[in-house]
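Chain residues, written in single-letter form:
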Amino acid sequence: MESKVSEGGLNVTLTIRLLMHGKEVGSIIGKKGETVKKMREESGARINISEGNCPERIVTITGPTDAIFKAFAMIAYKFEEDIINSMSNSPATSKPPVTLRLVVPASQCGSLIGKGGSKIKEIRESTGAQVQVAGDMLPNSTERAVTISGTPDAIIQCVKQICVVMLESPPKGATIPYRPKPASTPVIFSGGQAYTIQGQYAIPHPDQLTKLHQLAMQQTPFTPLGQTTPAFPDKKSLYHPIEVVQHRCINALSLDANPPASTHELTIPNDLIGCIIGRQGTKINEIRQMSGAQIKIANAMEGSTERQITITGTPANISLAQYLINARLTSEVTGMGTL
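Residues numbered from 1 in each chain as written. Predicted model: local features only at pLDDT ≥ 70, side-chain atom pairs only at ≥ 80, totals over all residues. Heavy atoms only, no water.

### Quick notes on the sheet that holds strand 14 (residues 306–313)
Line of reasoning, step 1. Spatially, the three strands line up as an open sheet ordered 12-14-13, and their pairing is antiparallel. Looking at which strands have only one partner, the edges of the open sheet turn out to be strand 12 (262–269) and strand 13 (294–297). Strand-to-strand, the axes of this sheet are offset by a mean angle of 20 degrees, without reference to chain direction.
Line of reasoning, step 2. Relative to strand 14, strand 12 runs antiparallel, the two sharing eight bridges. Within strand 14, the position partnered with Ser262 by the bridge is Gly313.
Line of reasoning, step 3. Helix 9 (residues 270–277) contacts strand 12, strand 13 and strand 14 of the sheet and is inclined by roughly 125 degrees relative to strand 12. (Pairing = 2+ DSSP bridges. Helix = DSSP H or I, 4+ residues; strand = E, 2+ residues; numbered from the N terminus. Axes fitted to C-alpha atoms, helices over the stretch in contact; angles between N-to-C directions. Contact = heavy atoms within 4.5 Å.)

Here you go:
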């Protein structure tokens, strides 16, 4: 959160960054950008939304304090409206709180928490909002997520108090801002060709990956799984429905004997986590076995509407696990039945 004071010394200009999921961003943008346009005009704040095919996006709000609080109020009330609309089609009786996630430089989080947690406790008690500061920094950055949950009015009061703390305690040192990574596209090998999944289709991947895969096959003493199925047809039909790919053997070969393990994290809404886990953990165990990756699902955090999933393994393992998780979510959301 940056701040600068104008020449008059009265009007403070702030920049606040919010972390949102694709669905939340879509709600803020509205049809043909009408909602965000209205928010900009009525609040007087600059509202910018990060580009990119990412599951998470950064929404940056800049302007005088009054304009920022107006923009925040409009976003909070829009999210409440979305919750009410979603409840009309659901059997749930209790209304979940509105949740916003601020992105704050880690060097300012100590002031926000206060000695022995005194400041954050004071903010919670005076506003009625739930406030949680993430223990870990966001990937490849020096920023942390601050999650605020409650009624729109409680959230607005809470943001005002957080802004006061941020202005009194500027960030120390350089801040490396969090930039969400694009959703990594799974790679599937079949018939000696590498394919990436785009929407409902498998698209031939650039030549380098295919050549590496063929090289890996030559070094393998057994017949690779993908080789038992016929190769995809000629280049005239480059697009193949995703269903075809799912019924082929997925061959996620490593390119060397002990490729380095890496970790990938993603967040899943609470109401969809059940379709990933399955009855008594059957689905998640199936995904673990098929992908060869280690998959850990974090416990539900109080006041949070999401669960964190950590996937560890080779890039191929992680890619395949992500693909299988996405397939489960797609089948749940579109009502296609079990995959």
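### Details of the nonpolar core
Line of reasoning, step 1. One finds Leu18, Ile61, Phe72, Ile75, Leu102 and Ile162 to be the most contacted residues of the largest nonpolar core, which totals 44 residues.
Line of reasoning, step 2. For this core, the element with the most residues is helix 3 (residues 65–87), which contributes nine residues.
Line of reasoning, step 3. Membership of the second largest hydrophobic core comes to 19 residues, among which are Ile268, Ile276, Leu320 and Tyr323. (Core = buried A, V, L, I, M, F, W, Y, C linked by side-chain atoms within 4.5 Å. Buried < 20%, exposed > 50% of the residue type's maximum accessible area, 1.4 Å probe, protein only.)

### Thoughts on unusual backbone geometry
Line of reasoning, step 1. Even without being a glycine, Lys32 presents a positive backbone phi close to 55 degrees.
Line of reasoning, step 2. Inspection of the secondary structure puts Lys32 in the loop between helix 1 (22–29) and helix 2 (34–43).
Line of reasoning, step 3. Residue classification places Lys32 among the exposed positions, given a relative accessible area of 84%.
Line of reasoning, step 4. Residue Gln280 is not a glycine yet carries a positive backbone phi of 55 degrees.
Line of reasoning, step 5. Positionally, Gln280 belongs in the loop between helix 9 and helix 10 (282–291).
Line of reasoning, step 6. A relative accessible area of 81% means that Gln280 is categorised as exposed.

### What to know about helix 2
Line of reasoning, step 1. When helix 2 is considered as a whole, its buried residues turn out to be Val36, Met39 and Ser43. Projection of helix 2 onto a plane perpendicular to its axis shows the buried side chains occupying an angular sector of 55 degrees, all on one side. Set apart from the buried face of helix 2 by more than 90 degrees, the exposed residues are Glu34, Lys37 and Glu41.
Line of reasoning, step 2. On its buried face, helix 2 is in contact with helix 1, strand 3 (46–49) and helix 3.
Line of reasoning, step 3. Once helix 2 finishes, Gly44 follows within two positions and takes phi at roughly 80 degrees, a positive value. (Arc of directions from axis to C-beta.)

### Here we look at the environment of Ile155
Line of reasoning, step 1. Position of Ile155 among the secondary structure elements: in helix 6 (residues 152–168).
Line of reasoning, step 2. Separated by 28 residues in the primary sequence, Ile155 and Thr127 have C-alpha atoms spaced 7.6 Å apart.
Line of reasoning, step 3. Not counting chain neighbours up to four residues away, the residues in contact with Ile155 comprise Val98, Leu100, Ile148, Ser149 and Gly150.

### With respect to the packing of helix 5 (residues 118–127) against helix 6
Two packed helices can be described by the angle between their axes and the distance between those axes.
Line of reasoning, step 1. It is the contact of helix 5 with helix 6, at a shortest axis distance of 9 Å, that shows an interaxial angle of 150 degrees. Relative to helix 6, the element helix 5 lies roughly antiparallel. At the point where helix 5 passes helix 6, the crossing takes the right-handed sense. Across from Lys119, Glu122, Ile123, Ser126 and Thr127 in helix 5, the residues of helix 6 making contact are Ala154, Gln157, Cys158, Gln161, Ile162 and Val165.
Line of reasoning, step 2. Broken down by class, the residue content of the contact of helix 5 with helix 6 amounts to five nonpolar, four polar and two charged. (Parallel < 35°, antiparallel > 145°, perpendicular 65-115°, else oblique. Left-handed = near helix turned anticlockwise from the far one by under 90°. Nonpolar A, V, L, I, M, F, W, Y, C, P; charged D, E, K, R; others polar.)

### What about the side chain of Glu306?
Line of reasoning, step 1. For Glu306, the location among the structural elements is in strand 14.
Line of reasoning, step 2. In this structure Glu306 comes out as buried when scored by relative accessible area, which is 14%.
Line of reasoning, step 3. In this view, Glu306 contacts His21, Arg101, Thr267, Ile268, Pro269 and Asn270; residues no more than four positions away in its chain are not counted.

### Here's the deal with the side chain of Thr127
Line of reasoning, step 1. Tracing the backbone through its elements, the reader meets Thr127 in helix 5.
Line of reasoning, step 2. For Thr127, a relative accessible area of 12% gives the class buried.
Line of reasoning, step 3. A distance of 2.7 Å separates a polar side-chain atom of Thr127 from the backbone oxygen of Ile123.
Line of reasoning, step 4. Once residues lying within four places of it in the same chain are set aside, the contact partners of Thr127 are Ala154, Gln157, Cys158 and Gln161. (Polar contact = N/O pair within 3.5 Å; in protein donor to acceptor, adjacent residues only side chain to side chain.)

### Here's the deal with the packing of helix 1 against helix 3
Line of reasoning, step 1. At a minimum axis distance of 10 Å, the contact between helix 1 and helix 3 shows a crossing angle of 110 degrees. Relative to helix 3, the element helix 1 lies roughly perpendicular. For the element pair helix 1 and helix 3, the recorded crossing hand is right-handed. Seen from helix 1, the contacting residues are Glu24, Ser27 and Ile28; seen from helix 3, they are Ile75, Lys78, Phe79 and Asp82.
Line of reasoning, step 2. Of the residues that constitute the contact of helix 1 with helix 3, the class distribution is three nonpolar, one polar and three charged.

### Remarks on the environment of Cys54
Line of reasoning, step 1. Position of Cys54 relative to the elements: it lies in the loop between strand 3 and strand 4 (56–64).
Line of reasoning, step 2. The spatial distance from the C-alpha of Cys54 to the C-alpha of Pro182 is 4.2 Å, given a sequence separation of 128 residues.

### Focus on the confidence of the model for the protein
Line of reasoning, step 1. Residue-level pLDDT values for the protein average 76, and 70% of them are 70 or greater.
Line of reasoning, step 2. Every residue in residues 1–10 scores below 50 in pLDDT, and together they form 18 contacts with partners more than four places removed in sequence or on other chains.
Line of reasoning, step 3. Every residue in residues 216–257 is under pLDDT 50, and counting partners more than four places away or in other chains gives 72 contacts. (pLDDT = per-residue confidence, 0-100.)

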